[in-house]
Amino acid sequence: DTLHQELNGQTKEKTKLEFQLKDLRDEVAGDSSSKERAEAELNKLKVTITQKEKELDNIKPQYEEMRKKEEEYTRELTLKEQKRKELYAKQGRGSQFTSKAQRDEWIQKELKSLNKQIKDKTEQIERLDQDLKKDAKKKVELERRIEELGGEQDTYRTSIDDQNKGFYELKKKKDKLQGERNDLCRKEMNLQQSLSSLKEELSKADQTLRSMAGKPILNGRDSVRKVLDMFRDRGGQYRQIAESYYGLVIENFECEQSIYTAVEVTAGNRLFHHIVESDRVGTYILKEMNKQKYPGEVTFMPLNRLNVRHIDYP
């Protein structure tokens, strides 16, 4: 206790000196004229603080040793106090009974109380054993369920991997099909442009044709085409008649562009005569045109009625 008081005194003294040091610093900051005096006082205080710290360091081991002894003595005192109380209780029990019967009665009561406590503890132990068994059974079920869930987790993981693989395959296929679609779109655009160009050329050619042949001949050409479509739809012998039609003369030969004019002048409207296999085919077509009242003029060239002349050109 003396060392403890001395330690507290040293601590208070240190704190007091620190406050004085703080005050001196504040005084030095407020009054620059007393700087030298304050520095001297400060150095003095520093020396004092150093000495006190050394004394404190010397006292600390003794304080720790005394504190340990105090704890040990306190434990011994507690044990002895407990032993003293037990002795007093034993002495009291010996003096509180006036006869052996009274003592035996007290002992029976104590035994009854102890037996009841033992019974309660036994029942508590049994309940705890039952709870432990239930917990053990529940643990086994939980472990089995965890194992099942682990298997399901592996199955789900495998399924997810398969789904991801399928997804990437489908995505790859989709990208490939998208690329093919883009290529087909480009081809379609090119074909549309080509078709537009061909339609434009066809329109120009048709205009040129109309200027060459005249309206009745072109109407006759259109009427023959309608009759042929009708024959194809009917089928049977009519389809054979449609297949025995070979088109216009102009559609059955080719020549160099340099002699176009010569061919047009030489052949004239004969370029728009209709070539058929026989006069019978031409008759069928002409009858149907008259029956349907289609307009136009047509001239047929049946192959079975044509005579070919062989000319030797110089």
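None of the values given here were measured: they were computed from a predicted structure.

(A) Examining the overall build of the chain more closely. Along the backbone of the chain there are seven helices and three strands. When the helices and strands of the chain are listed from N to C terminus, the series reads α-α-α-α-α-β-α-β-α-β. Put simply, the chain has 314 residues, and 16% of those count as buried. Relative to all contacts within the chain whose residues are 6 or more apart in sequence, the contacts with residues 24 or more apart total 70%. Element-wise, carbon and sulfur atoms account for 52% of the exposed surface of the chain, whose accessible area totals about 26,100 Å².

(B) Spatial organisation of the nonpolar core. One finds Val224, Tyr245 and Ile285 to be the most contacted residues of the largest nonpolar core, which totals 20 residues. Looking at this core, the elements with two or more residues in it are α4 (215-234), α5 (237-243), β1 (245-248) and α7 (279-292). Broken down by element, this core gets its largest block of residues, six residues, from α4.

(C) Expanded view of a nonpolar patch on the surface. Where nonpolar side chains cluster on the molecular surface, the patch consists of Trp106, Ile107, Leu111, Leu114 and Ile118 and spans about 420 Å² of accessible area. Here Ile118 shows up in helix α3 (residues 100-213). Judged by its relative accessible area of 52%, Ile118 is exposed.

(D) A look at a negative patch on the surface. Residues Glu123, Glu126, Asp129, Asp131 and Asp135 make up a contiguous surface patch of negative charge. Note on placement: Asp135 falls in helix α3.

(E) Examining the packing of aromatic side chains more closely. In this structure the tally under the stated criterion is two aromatic pairs. For the ring pair Phe231 and Tyr238, a centre distance of 5.1 Å and an interplane angle of 40° mean the geometry is tilted. Judged by relative accessible area, which is 1%, Phe231 ranks as buried. One Lys or Arg, Lys226, reaches over the ring of Tyr294 and ends 5.5 Å from the middle of that ring. Between the NZ or CZ atom of Arg234 and the centre of the ring of Tyr238, over which it lies, the distance is 5.0 Å.

(F) Geometry of the pattern of salt bridges. A full pass over the atoms with the stated rule returns 16 salt bridges. Residues Glu65 and Lys69 are paired through a salt bridge, measuring 3.9 Å at the closest nitrogen-oxygen approach. With Glu65 and Lys69 both in helix α2 (residues 35-96), this residue pair falls four residues apart, about one helical turn. Taking the relative accessible area as the measure of exposure, Lys69 reaches 34% and is therefore partly exposed. A salt bridge links Arg225 to Glu251, with the nearest nitrogen and oxygen atoms 3.7 Å apart. Of this pair, Arg225 sits in helix α4 while Glu251 sits in the loop between β1 and α6 (260-267), placing them 26 residues apart in sequence. Judged by relative accessible area, Arg225 falls into the partly exposed class, the value being 40%. Note on Glu251: relative accessible area 48%, which makes it partly exposed.

(G) How the structure looks around the confidence of the model for the chain. For the chain, per-residue confidence averages 83 on the pLDDT scale, and residues scoring 70 or more make up 90% of the total. Confidence scores differ between elements of the chain, with helix α1 (residues 2-30) showing the lowest mean pLDDT of 73 and strand β2 (residues 274-276) the highest of 94.

(H) Molecular detail of the sheet that holds β2. Spatially, β1-β2-β3 is the arrangement adopted by the three strands of the open sheet, whose pairing is mixed. Edge positions in the sheet fall to β1 and β3 (300-302), since each has one partner strand and no second. The mean inter-strand angle of the sheet, taken between neighbouring strand axes irrespective of direction, is 20°. Looking at chain direction, β2 and β3 are connected through three bridges and run parallel. What sits directly across from His274, in β3, is Phe300. Helix-sheet contacts for α7 involve β1, β2 and β3, and the interaxial angle to β3 is about 150°.

What counts and how
- Residues numbered from 1 in each chain as written.
- Predicted model: local features only at pLDDT ≥ 70, side-chain atom pairs only at ≥ 80, totals over all residues.
- Heavy atoms only, no water.
- Helix = DSSP H or I, 4+ residues; strand = E, 2+ residues; numbered from the N terminus.
- Buried < 20%, exposed > 50% of the residue type's maximum accessible area, 1.4 Å probe, protein only.
- Contact = heavy atoms within 4.5 Å.
- Areas by Shrake-Rupley, 256 points an atom, 1.4 Å probe, with all protein chains shown as cover.
- Core = buried A, V, L, I, M, F, W, Y, C linked by side-chain atoms within 4.5 Å.
- Patch = residues over 30% accessible without salt bridge, like charges linked within 9 Å, V, L, I, M, F, W, Y side chains within 5 Å.
- Salt bridge = Lys/Arg side-chain N within 4 Å of Asp/Glu carboxyl O.
- Lys, Arg positive; Asp, Glu negative; His and termini not counted.
- Charge placed at Lys NZ, Arg CZ, Asp CG, Glu CD.
- Phe/Tyr/Trp six-rings, centres within 6.5 Å; stacked < 30°, edge-to-face > 60°.
- Lys NZ or Arg CZ within 6 Å of the ring centre and 35° of its normal.
- pLDDT = per-residue confidence, 0-100.
- Pairing = 2+ DSSP bridges.
- Axes fitted to C-alpha atoms, helices over the stretch in contact; angles between N-to-C directions.

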